[in-house]
Each structure stands twice: as structure tokens, then as C-alpha cells.
Amino acid sequence: MEFRDYYKVLGVERAASADQIKAAYRRLARKYHPDVSKEPNAEARFKEMQEAYEVLKDPEKRAAYDELGANWKAGEQFRPPPDWGTGFEFSGGAGHAGGAGRAAGARRGAGRSGWSGAGAEDGAFAERDFSEFFSSLFGGGSPFARGGGGAARDHHARVGLELEETYRGTTRTLELRRPEVKPDGSVELRTHTVRVTIPPGVTEGQLIRLAGQGAPAAGRGQAGDLYLEVHVQPHRLFALEGRDVTLTFPVAPWEAALGASVTVPTLGGSVEMHIPAGAQSGQRLRLRGRGLPGQPPGDQYVQLKVVLPPASSPQAKALYEEMRGKLDFDPRANLSR
Amino acid sequence: MAGVTHRLEAHVLGEGDWIGATEICRLCWLDLGAVMELAELGVVAPRGTPPGEWQIPATALPRLRVIGRLMRDLGVNVSGAALALELLEARRQLERRIRALELLVSDH
């Protein structure tokens, strides 16, 4: 695994005070928080920062991390020392196995490409989607892991869907990793795979509950739930707002002026639509019920965009000249009022 | 070690679902006091009494979860997070309108 330089991630000196570390984290968190940020890779950067802050804000973890030495460089191959964690006193009691490392990841069904990401994002540090480096040093089974008393816990992950998938419904294959205590007392991450059917009509930010797929309770208690938060990927043609979609639809000047019957793409396939005579560029027409499914279903808005034919041939030029000569049209009439 | 594949039906929390205050707190990283303040601010419209027994529509979950994350990760208070949420939503709306106008004037 690769070494992570937590001081570098937060942009602070190794001698930084707790207040300086907190200030650096707050400053970067404001910049890269996934709900707020427009920065590229904001989510990945934010997770790095959370991981770094989780270690550096905790005096015990920071001291142990510092013990690794200052000579390590970010990205260098690293293995935890065999005596890792010995010689420290733990304020929270050592040996409790919390959830470790990656709690949940999702990938598309077999044979499909363009997987768009899902990672755990729990508030509790041990269940966040932290690196292998973090898990090996501070995760479940390490002397630093301090669980929540063995209670069942919910897990949260994000799942990215294409707009067509939210329209038709889809399936996702999720790999869930759970810590299990082995007979010798050590903790092993056990992976199991679930296939989830997502019904049509889910919208941005909506939650999907998978009962009993969270972290198990100690003993024979009921497990927590897994929640998937839906994020709809931007679409090439359609803009999504709630359950409504908007399509910008190019039309010829004569279609707008005279009216026309046109074929319009929708999420459910092409439909015929009538453009009324005298339509203008920017005008929005509604196709009722052609948005995402639901109670009630969303609508599709068709925003007309009048496209001028180029005057690139003698015939086209002649037609434009004829219009100039015969039409009483002043596009700047409003300016002279 | 990989286990067997299980097929699961997902339950989408959406229109028609009402969620208890305790579960809302758990799902959105909020405490009951914060939920009460958000009700005062008009961000959520719960039904029932007392607050501990409130039922809240599941359609409020996406907004409440953003508020919960902003409070948890950025250290802002309830009204600050609610204000940030409104500004974020306004920004998203403006971005959509700008994008629509750009498409009207672009060559593609």
C-alpha cells in the first residue's frame, strides 16, 4: 500500500498546533465539500482531508502516526511495523472492532462500463471510505479502533445513475465488506455481493434503503441498514429538475413561423409534437407526463431553438434577398421606441 | 473472501413515506433540537406532537441530509446550514438557466 502524508494533505507543518490543524481542515473542507464545491475531484479530495484530519486531530493517533518517522514520502510503498500500536495507552479502550475501511462499494453489472462511483460516507470515522493505509493503521482490528459498543450501524453510500436508468429502473451489484471476528480474536474483512433492483423514477438525492445490509450488531443482534443516495449523472440532451426534463430542440425558421409536426426524442422514445405557428426561439412547449415516472410523473419541456440556414449557396442567398425585399420586418423595432 | 450473491429489492424512500423524528435524526446526522429549529425555519413541515413523535415526509430527506453534512463537516450551525442550502439551491437553479440560455445561442 502507499504511504499517505497527512500533514501534506492538510497543508500544515509537522509541528502544527491542534488549532492550526483544525483551521486548515475547516478552510479546505469549505473549499472541497462535495455538497458545495465546484472543484474537480472535490469528493476524492474531501475524503483525503477527512482521513488526514481523523488522524491528526486525535492526539493518540497523531502521536502514533508521527512515530512512523518523518522520512516517509506520500506514495511510497508502506507496510505497518510489526509492533504497531504497542506502547500507547488508549483512552477509549483497545481491542473494540469497529467497522473497518471500505464499508460498501458499488459497481455496474457485468459487461457494463462507465461505473460512476459509490463510496461509504458515514459520520463515524471507522465506516468512512478511507484508504487501505488508514485501515491498516487505525481500522478494525488495530489497537486504535474504538467501536460503538457493538451496536448495529447503518451504512451510507452514493450511487451514480444515468438518466435513462432512473427512467427505466436498473440493477446494481454492490460489494459489501463487513468485519468479522475470527476465533483467534483478530478481525477479517469479509466480502459479500448483493444485487439490488432499483425501481424506475428515483430522483436526485433520494434515498434507497436496503434493510439489514448495514453493520451487524455484536452477538446475534439485528444488523443496521444500508442507504444508497442517488446521484443522477448529467445527460447529453436532457436537463433534469425534480422529475421534469428539458430538451433544447432546434427548428428551422419556417417550422417556427408556419407551424410544423416534428419528431421529438423523449426518455421513453420518440414522440410526434406539434409546433404552433408563430413560435419563437426560447419558447417552451410541454409534453405532459414524459419526464421521470412517479405519482404524478414529471413532464418534458421542449425549448425551441430557431436555427438559421446558412446563406452558403446561390439559392439560399436569393431566398434571403427575396425576404429582405418583400418582408416588412424590423428586428430592432423595440430599440427605437 | 467473497460470499454468495443475494438479490435484494430496494425500498425507495419517497412520496407517501413518513419517517419518525428519531430515524430522521439518524439518517441526517442531526439531533432533535436541530430538527425542531429547522421546523421553525420552515425547512421541514412535520406532523404530530410532541417533537420526539414527529413524522416527517421522506421527500424532505435530500435537503435535510445536505444540512446535516454541512453541520457535521463544516461546523456551521442550523440557520447557517439552512441558509447555505437555500443559496446552493438558488445557485443550481441559476446554473440550469444559464445552461439553457447557452444552448439557445450556441452552434450545437
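Here is what the cut-offs are and how they apply
Residues numbered from 1 in each chain as written. Chains lettered and ligands numbered in written order. Predicted model: local features only at pLDDT ≥ 70, side-chain atom pairs only at ≥ 80, totals over all residues. Helix = DSSP H or I, 4+ residues; strand = E, 2+ residues; numbered from the N terminus. Buried ≥ 20, exposed ≤ 12 C-beta atoms within 10 Å, placed from the backbone. Contact = placed C-beta atoms within 7 Å. Rg over C-alpha atoms; globule rule 2.2 N^0.38 Å. Pairing = 2+ DSSP bridges. Axes fitted to C-alpha atoms, helices over the stretch in contact; angles between N-to-C directions. Expected span 1.5 Å × (residues − 1). Nonpolar A, V, L, I, M, F, W, Y, C, P; charged D, E, K, R; others polar. Arc of directions from axis to C-beta. Domains from an automatic or database assignment. Parallel < 35°, antiparallel > 145°, perpendicular 65-115°, else oblique. Left-handed = near helix turned anticlockwise from the far one by under 90°. Core = buried A, V, L, I, M, F, W, Y, C linked by C-beta atoms within 7 Å.

Draft legend 1. Seen up close, the overall build of chain A. Counting its regular elements, chain A contains 8 helices and 12 strands. Out of the 337 residues in chain A, the part that is buried amounts to 33%. Pairs at least 24 apart in sequence give 63% of the contacts found in chain A among residues at least 6 apart.

Draft legend 2. Examining the overall build of chain B more closely. The helix and strand tally for chain B stands at 4 helices and 4 strands. What you see in chain B, going N to C, is helices and strands ordered as β-β-β-α-α-β-α-α. Taking 108 residues into account, the globule formula puts the C-alpha radius of gyration at 13 Å, and chain B, at 18 Å, lies well above it. With the principal axes as the frame, chain B shows a C-alpha extent of 55 × 45 × 30 Å. Looking at the 108 residues of chain B, the share that counts as buried comes to 27%. Counting contacts in chain B only where the partners sit at least 6 residues apart, residues at least 24 apart contribute 54% of the total.

Draft legend 3. Region of interest: the sheet that holds strand 2 (residues 11–13) of chain B. Spatial ordering of the open sheet is given by 2(A)-6(A)-5(A)-2(B), a layout of 4 strands whose pairing is mixed. Two strands lie at the open edges of the sheet, namely strand 2 (155–161) of chain A together with strand 2 of chain B, each paired on one side alone. Direction aside, the axes of adjacent strands within the sheet are offset by 30° on average. The sheet contact formed by strand 2 of chain A and strand 6 (residues 226–232) of chain A spans 7 bridges and is parallel. By the bridge assignment for strand 6 of chain A, Gly160 of chain A is matched with His231 of chain A.

Draft legend 4. Focus on helix 3 (residues 42–56) of chain A. Across its 15 residues, helix 3 of chain A extends 21 Å between first and last C-alpha, which sits within 8% of the 21 Å expected from 1.5 Å per residue. Buried residues in helix 3 of chain A make contact with helix 1 (6–10), helix 2 (18–32), helix 4 (59–67) and helix 5 (132–138) of chain A.

Draft legend 5. The arrangement of the interface of chain B and chain A in detail. Every contact between the two is made by 33 residues of chain B and, on the other side, 36 residues of chain A. When grouped by side-chain class, the residues that make up the side of chain B that touches chain A number 18 nonpolar, 6 polar and 9 charged. With 3 bridges joining them, strand 5 (residues 207–210) of chain A and strand 2 of chain B adopt antiparallel strand pairing. Bridge pairing links Leu207 of chain A to Leu13 of chain B in strand 2 of chain B.

Draft legend 6. Just helix 4 of chain A, in detail. Residue and element names in this part refer to chain A. By the burial criterion, the buried members of helix 4 are Lys61, Ala64 and Tyr65. Buried residues along helix 4 cover an arc of 100° about the axis, so they all sit on one side. Projecting away from the buried face of helix 4 at angles above 90 degrees are the exposed residues Pro59, Ala63 and Glu67. Looking at the buried positions of helix 4, the neighbouring elements they touch are helix 1, helix 3 and helix 5.

Draft legend 7. Examining the domain arrangement of chain A more closely. Residues and elements named next belong to chain A. Looking at the assigned domains, one finds that chain A contains domain 1 (1–82), domain 2 (96–234) and domain 3 (238–330). Contacts between the two partners involve 14 residues from domain 1, matched on the other side by 12 residues from domain 2. Elements with a minimum of two residues in the side of domain 1 that touches domain 2: helix 3 and helix 4. In terms of residue count, helix 3 provides more of the side of domain 1 that touches domain 2 than any other element does, 5 residues in total. Residue classes in the side of domain 1 that touches domain 2 are distributed as 6 nonpolar, 1 polar and 7 charged.

Draft legend 8. Structural view of the sheet that holds strand 12 (residues 300–306) of chain A. All names here are of chain A. Pairing is mixed in the open sheet, where 4 strands are placed in the order 7-8-12-11. The strands lining the two open edges of the sheet, one partner per strand, are strand 7 (238–241) and strand 11 (284–287). Strand-to-strand twist of the sheet, defined as the mean angle between neighbouring strand axes without regard to direction, takes the value 30°.

Draft legend 9. Region of interest: the packing of helix 2 of chain A against helix 3 of chain A. All names here are of chain A. Packing of helix 2 against helix 3 brings their axes to within 10 Å, and their N-to-C directions diverge by 165°. As far as their axial angle goes, helix 3 and helix 2 are roughly antiparallel. Here helix 2 and helix 3 pass one another in a crossing that is left-handed. Side by side, helix 2 and helix 3 meet where Ile21, Tyr25, Leu28, Ala29 and Tyr32 of the first sit next to Ala42, Arg45, Phe46, Met49, Tyr53 and Leu56 of the second. Of the residues assigned to the contact of helix 2 with helix 3, the class counts are 10 nonpolar, no polar and 1 charged.

Draft legend 10. Geometry of the nonpolar core. Counting residues in hydrophobic clusters, the biggest one holds 41 residues, and the most contacted among them are Ile208 and Leu228 of chain A together with Ile24, Val35, Leu38, Leu64 and Ile67 of chain B. Counting residues per element, this core draws most heavily on helix 3 (residues 61–74) of chain B, which supplies 6 residues. Ignoring sequence-local partners within four residues, the contact set of Leu38 of chain B consists of Val43, Val44, Ile67, Val78 and Ala82 of chain B. Tyr6, Phe46, Val55 and Ala64 of chain A belong to the second largest nonpolar core, which has 22 residues in total.

Draft legend 11. Broad picture of unusual backbone geometry. Pro296 of chain A follows Gln295 of chain A through a cis peptide bond whose omega is 0°. Take Pro296 of chain A: it is sitting in the loop between strand 11 and strand 12. At the junction of Thr49 of chain B and Pro50 of chain B, the peptide bond is cis and its omega measures out at -10° in the coordinates. Note that Pro50 of chain B resides in the loop between helix 2 (32–40) and strand 4 (55–57). Positive phi, normally seen in glycine, also occurs at Asn41 of chain A, with a value near 60°. Position of Asn41 of chain A among the secondary structure elements: in the loop between helix 2 and helix 3. Assessed through the 10 C-beta atoms surrounding it within 10 Å, Asn41 of chain A is described here as exposed. The phi angle at Trp29 of chain B is positive, at roughly 60°, despite the residue not being glycine. Among the structural elements, Trp29 of chain B can be located in the loop between helix 1 (21–28) and helix 2.

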